[in-house]
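Structural features, examined
Each chain, letter by letter, is given below.
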Amino acid sequence: MGITGIMGTDAALTGQDRRQFEEEGFLVLPGFLPAALAERAKAEVDHWVDSGARQRSIASAVSPDEYGLPPLMELEMEAHGRILAHPPLLEVLAGLIGGPFVFHHLHSDRRPPNAPGKDWHHDYELGPRAERTHTMVHALHYLGGLDASVGGLAVLPGSHRETATKTARAHLGTSELPGEVFIGELPPGSTVLIHSALFHTRRAAPHGESRERYMVDSSYAQTGVRWRPVKPHWRHMLARARELRLAGDGWPELFAEHHFTEYEAEQAGRRG
């Protein structure tokens, strides 16, 4: 199936965009981030990976009693913080979600050349078999774009309406599925918004033709229910976001703690 749901570059959400997201569970925003911001974020990703900060952050999530708080979080880096609360992004999210929402988590990585793909999965955090009563959105920011040298993203339209565990299709690997949409060509700074319950997979680039793949992934959840945090230091994360004043005056719930349950230790293996 060809790509549908491509939003115009003026970042003005239309009724068709909203229907596309509601029915199919995704929206493509080519070149959405300002070029200078995407470039600054790429440099920060290099520091995040090469300095060991990413691995140290993972250790803090997996073994908090041993490692304590991470010395650096993604949102504390200037460009990452700006992307997280990018005003045009928040406006689009408000239109898609249809009401107040809270920041859930931020993930940043640089995939090496010839890295493998990731099996079919979804990232909805309300519960393993919770009904999709409240919307959660992941914003996948491809800083260097997508093309054959970094692989692409495949999504399964409509699957966000299913009540299924995250790994219900993991046994299928990264194989092509009937009805899927493959997103393989996007310019630098592009963003793909997906309903977090939408099944999707990262496809690897052909072996020997790959380059590094930069991505920042930020997620947001509709208020009105308490969401499960994915990091043991989630309170510290939200507090730092407030201290850094990442949200403008128009987003009072963006970093509010009362929208979350307590962290569960069995979630420590996740890398949010």
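Summary of the structure given here. Note that residues are indexed from 1 along each chain, following the sequence as it is written. In keeping with the model being predicted, local features are shown solely for residues with a pLDDT of at least 70 and side-chain atom pairs are shown and tallied solely at 80 or more, while totals for entire chains, interfaces and linings include all residues. Processing note: side-chain calculations cover all non-hydrogen atoms of the structure and skip hydrogens and water entirely.

Overview of the overall build of the chain
Scanning the chain from terminus to terminus reveals seven helices and nine strands. It is over C-alpha atoms that the radius of gyration is taken, and the globule rule equals 2.2 Å times the number of residues to the power 0.38. In terms of overall dimensions, the chain is globule-like: its C-alpha atoms have a radius of gyration of 17 Å, near the 19 Å expected for 272 residues. With the C-alpha coordinates of the chain rotated into their principal frame, the extents come out at 45 × 40 × 40 Å. Within the chain, buried positions represent 54% of all 272 residues. Sequence separation of 24 or more characterises 85% of the internal contacts of the chain that already satisfy a separation of 6 or more. Computed with the Shrake-Rupley method and a 1.4 Å probe, the accessible areas treat only the protein chains shown as cover for residues. Summed over all atoms, the accessible surface of the chain reaches about 11,600 Å², with 51% contributed by carbon and sulfur. Of note, the chain has its 28 positive side-chain charges centred 2 Å away from the centre of its 35 negative side-chain charges. Only runs of H or I of at least four residues qualify as helices and only runs of E of at least two qualify as strands under DSSP, and these elements are numbered from the N terminus. Categorising residues by exposure relies on relative accessible area from a 1.4 Å probe, with only protein chains included: less than 20% of the type maximum marks a residue as buried, more than 50% marks it as exposed, and the intermediate range marks it as partly exposed. In what follows, a contact means two residues having at least one pair of non-hydrogen atoms within 4.5 Å. In this count, Lys and Arg are taken as positive residues and Asp and Glu as negative ones, while His and the chain termini are left out. Positions of charges follow a simple convention, taking NZ of Lys, CZ of Arg, CG of Asp or CD of Glu.

Considering the pairing of strand S1 (residues 26-29)
In regular strands, side chains alternate between the two faces of the sheet. Burial along S1 is two-sided: Phe26 and Val28 facing one way and Leu27 and Leu29 facing the other are all buried. Pairing between two strands is assigned when DSSP locates at least 2 bridges connecting them. With four bridges joining them, S1 and strand S7 (residues 190-195) adopt antiparallel strand pairing. In the sheet register, Leu29 faces S7, and the bridge partner there is Thr191.

Regarding the sheet that holds strand S2 (residues 101-111)
Taken in spatial order, the five strands make up an open sheet running S1-S7-S4-S9-S2, and their pairing is antiparallel. A strand with exactly one partner marks an edge of an open sheet, and here the two such strands are S1 and S2. Averaged over all pairs of adjacent strands, the angle between strand axes in this sheet comes to 15°, irrespective of strand direction. All axes here are fitted lines through C-alpha atoms, helices being fitted over the stretch that makes contact, and every angle between N-to-C directions spans 0 to 180 degrees. Each of S1, S2, strand S4 (136-142), S7 and strand S9 (213-222) touches helix H6 (residues 87-97); the most contacted strand, S9, lies at about 45° to it.

Some details on the pattern of salt bridges
Criterion for a salt bridge: a side-chain nitrogen of Lys or Arg within 4 Å of a carboxyl oxygen of Asp or Glu. Evaluation of the coordinates by the stated rule reveals 17 salt bridges. Residue Arg110 pairs with Asp50 through a salt bridge whose shortest N-O separation is 2.8 Å. You can see Arg110 sitting in strand S2 and its partner Asp50 sitting in helix H2 (residues 35-50), a full 60 residues away along the chain. Arg110 gets classed as buried once you look at its relative accessible area, which sits at 15%. Among the ionic pairs, Glu180 bridges to Arg203, the shortest N-O distance being 2.7 Å.

Side note on helix H1 (residues 15-24)
Regarding H1, the residues found buried are Asp17, Gln20, Phe21 and Glu24. Down the axis of H1, the buried side of the element spans an arc of 100°, and every buried residue falls inside it. Turning to H1, the residues buried within the fold contact S1, H6, S4 and S7. The positive-phi residue at the C-terminal boundary of H1 is Gly25, with phi of around 90°. For this quantity, the arc is that covered by the directions from the helix axis to the C-beta atoms.

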